[in-house]
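Chain by chain, the residues:
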Amino acid sequence: MSGKTSKLTRPGLPGWLILVGSVLLVLVCLFPFWWMVVSSVKTLRELYTVPPIWWPDTPTFQNYSNVLFQSNIPRYFLNSVIVSAGSTGLALILAIFASYGFARFKFKGKPLLQSLVLVAQLLPTAAIIVPLFITLRFLGLVNTYWGLILVYMIITLPLSVWMLTSYFKNIPVELEEAAIIDGASRLECLFRITLPLSLPGIASVMVYAFVTTWNEFIFALCFATDSSVKTLPIGLAEFSTEFNTDWGAVMAASVVMTLPIAILFLSMQRLFVGGLTAGATKG
Amino acid sequence: MAPLTINDVRKSYGALEVLHGVNIDITDGEFVVLVGPSGCGKSTLLRMLAGLEDISAGEVSIGGRVVNALQPKERDIAMVFQSYALYPHMTVEQNMGFSLKLARAPKQDVRDRVLDVAKTLNLEDYLQRYPRQLSGGQRQRVAMGRAMVRNPEVFLFDEPLSNLDAKLRVKMRSEIKQNHHRLKTTTVYVTHDQVEAMTMADKIVVMNAGRVEQVGSPLELYDRPANIFVAGFIGSPAMNLIAGRIVDGHFLGADGTRMTVPASAARLEGQEVKLGIRPEHLVIDPQGHPAEILTVEPTGAETLVLMQLAGHEVVGVFRERITLAPGKTLSLSLMPDHIHLFDTQTGLRIPLSPEN
């Protein structure tokens, strides 16, 4: 490799500059996370020291023990899991069927319907809070899991449908025709051929929907005022009161909140690589 | 195995009709090739036989049963796609057994049947591989195996060889033919390649612009093309066509060249005709018509010569080795028994003798 390629001059920036640039970029992106982790093991006094301490001499886990055993965070964590998993699952199921319809069938008004799906995404959050609240109250769903799950489903569904539609469209239609000739029904086509080949698309939608709902703040603040349904972002905010903020606890809780997302990303990473349809057709 | 009847079948997309009433009778066990230029409707017709497209009008019956309203799986057909359409997430064995699995056949039966077919196609060693790990020819064979596993009444092939390189295409062509000899399953095969059609078919259906131009055995089409389209489409290099008319029992080319034609052409006195002659029916003859050589293409066994004759470019194929260079003149005559005349107005062939 080195013998031949070294003679060719590569156009563009020199390699060392690209390396330095990338490292800088990564440092800037990761700095808040580093600060979050470091701060979570500092004592309150160390947090306010100037100049800042980059790594405390005696890391303390007092913040974690406070967060895990003396606050509502574990309960909020459970609520967040239920609400995010519930809305992600629901959005995924609906998105699969809606996207398959958009991707595979011709029907009147399809372009209009497809753009209407996006309109929900375009409305500013503040504009729909009040109508949603009234609706939820009418349905008796304020301060319930179902209320949050349905609201989150509404905000994640449009983009999920668009993502999956474009993914389904890329699966060669001959594969389904072959399956139909082989005796498959439409549903069998979807579940035995198209879905297994769309795993990277499904994974992206899951990560998108889960992360969006996991981090959502405004709706949770308005529709879940009882501690039995409050989610983690609200929990974080509760550490800062009118008089003081327990930054150590906020940081520890933030770490707790970040971990599931990090794990989700790492476990799905393999799927994003794609290339699942290699060898299907001519290739 | 079953006969297949296509009776006045039409296909329209809205107001646009793309198939204008197609009639084809296919007997039990016959190998029929649908051939035509791209866009002629041959693939659409095949997809209608398969049940992937609706039949707008007319009737398709398989084994005496009208299948218009039946789902593909109820038609007892199997199809091989141009792109093979192998399921990429399944092994060769799963690909081939998929239809039986959907039909809820017992697992052992599926395995036995797949192994059976795999043996006849030399695929036993590849059963656990995925399509991406196979070569083009192997993928092609798996696609065929997937169709054969079901033992259908009718095989449908949609340009199955067009993704292969030239050498492999010839090999797979004879493999498909051998399989047909062994299985004797009624087969409808779509291609745009007239060589494939000539070499494989029991019966060729030439299609053009949504119509059937002619149906017949390969040599029938070659020897007695029904019209100018078939004459030009079947045969490679194509039949030479020279425009002119019949004057005094002779063919008079547009540039004034007089050519002798069979005596029966005298009844066409004065009519505008096109004279057709196949490249191999031009012979070198000192008493013939002068033709200026434009290019010479030796292929070894024979030599193709492009010439200017009677104001038209014509191709001749000669077994002799031609050493003449472009720019020189060759003297040619036409084998009288192999001259075709076509009506310029209708494009239809004018029979010159009862047997030709």
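Anything mentioned here points back to the structure above.
Residues numbered from 1 in each chain as written. Chains lettered and ligands numbered in written order. Predicted model: local features only at pLDDT ≥ 70, side-chain atom pairs only at ≥ 80, totals over all residues. Heavy atoms only, no water.

Give me the overall build of chain A: which residues, what numbers.
Looking only at helices and strands, one finds 14 helices and zero strands in chain A. Listed by position from the N terminus, the elements making up chain A come as α-α-α-α-α-α-α-α-α-α-α-α-α-α. Relative to a compact globule of 283 residues, whose C-alpha radius of gyration would be 19 Å, chain A shows 24 Å and is clearly more extended. In terms of principal-axis extent, the alpha carbons of chain A reach across some 75 × 70 × 30 Å. Of all 283 residues assigned to chain A, the portion counted as buried reaches 41%. Within chain A, contacts between residues separated by at least 24 positions form 74% of all contacts whose residues are at least 6 apart in sequence. (Helix = DSSP H or I, 4+ residues; strand = E, 2+ residues; numbered from the N terminus. Rg over C-alpha atoms; globule rule 2.2 N^0.38 Å. Buried < 20%, exposed > 50% of the residue type's maximum accessible area, 1.4 Å probe, protein only. Contact = heavy atoms within 4.5 Å.)

Before we move on, could you go through the interface of chain A and chain B and cite the residues and values that matter?
The partner chain B presents 27 residues to the 23 residues of chain A that form the contact. Carbon and sulfur atoms supply 61% of the area buried between chain A and chain B, which totals about 2200 Å² over both sides. Viewed at the interface, chain B and chain A are joined by two salt bridges. The residue Arg47(B) makes a salt bridge to Glu177(A) at a minimum N-O spacing of 2.7 Å. Of all the elements in the fold, those that place two or more residues in the side of chain A that touches chain B are helix 9 (173-181) and helix 10 (186-197) of chain A. In terms of residues, the side of chain A that touches chain B owes the most to one element, helix 9 of chain A, which gives seven residues. For the side of chain A that touches chain B, the class distribution of residues is 12 nonpolar, five polar and six charged. (Buried area = accessible area lost by both parts, 1.4 Å probe. Salt bridge = Lys/Arg side-chain N within 4 Å of Asp/Glu carboxyl O. Nonpolar A, V, L, I, M, F, W, Y, C, P; charged D, E, K, R; others polar.)

How would you explain the sheet that holds strand 8 (residues 186-191) of chain B if you had to name every residue and give the values?
All names here are of chain B. Spatial ordering of the open sheet is given by 6-7-8-3-9-10, a layout of six strands whose pairing is mixed. Of all the strands in the sheet, the pair left with one neighbour each is strand 6 (77-80) and strand 10 (211-216). The sheet shows a mean angle of 15 degrees between the axes of neighbouring strands, taken without regard to direction. Two elements, strand 3 (residues 31-35) and strand 8, share five bridges in a ladder whose sense is parallel. What sits directly across from Phe31, in strand 8, is Thr187. Sheet contacts for helix 5 (residues 166-183): strand 3, strand 7 (154-158) and strand 8; angle to strand 3, the most-contacted strand, approximately 145 degrees. (Pairing = 2+ DSSP bridges. Axes fitted to C-alpha atoms, helices over the stretch in contact; angles between N-to-C directions.)

Tell me about the packing of aromatic side chains, and please be specific about residues and values.
Tallied over the entire structure, the rule returns 18 aromatic pairs over all chains. Between the aromatic rings of Phe31(A) and Trp35(A), the centroid separation amounts to 5.9 Å while the plane-to-plane angle is 15 degrees, which identifies the pairing as stacked. You can see Phe31(A) and its partner Trp35(A) sitting in helix 2 (residues 15-40), four residues apart, about one turn around the helix. For Phe31(A), a relative accessible area of 39% puts it in the partly exposed group. The exposure class assigned to Trp35(A) is partly exposed, which follows from its relative accessible area of 26%. Aromatic ring contacts, followed pair by pair, group Phe31(B), Phe155(B), Phe157(B) and Tyr189(B) into a single cluster. Lying over the aromatic face of Tyr130(B), Arg132(B) brings its terminal NZ or CZ to 5.0 Å of the ring centre. (Phe/Tyr/Trp six-rings, centres within 6.5 Å; stacked < 30°, edge-to-face > 60°. Lys NZ or Arg CZ within 6 Å of the ring centre and 35° of its normal.)

How would you sum up a nonpolar patch on the surface? Please name residues and give values.
Together, Phe105(A), Phe107(A), Leu112(A), Leu113(A), Leu116(A), Val119(A), Leu122(A) and Leu123(A) give the surface a local cluster of nonpolar side chains, amounting to about 740 Å² of exposed area. Tracing the backbone through its elements, the reader meets Leu122(A) in helix 6 (residues 110-122). (Patch = residues over 30% accessible without salt bridge, like charges linked within 9 Å, V, L, I, M, F, W, Y side chains within 5 Å. Areas by Shrake-Rupley, 256 points an atom, 1.4 Å probe, with all protein chains shown as cover.)

Give me the lowdown on the pairing of strand 17 (residues 312-318) of chain B, citing residues and values where you can.
All names here are of chain B. Here strand 17 lies mainly inside the structure; five of its seven residues are buried. In the sheet, strand 16 (residues 303-309) pairs with strand 17 via seven bridges, with the strands oriented antiparallel. Its bridge partner lying in strand 17, Gln308 is registered against Glu313. Linking strand 16 back to strand 17 in an antiparallel pair, the connection comprises two residues, with Ala310 at a positive phi of about 50 degrees.

Distances and angles like these do not, on their own, reveal function.
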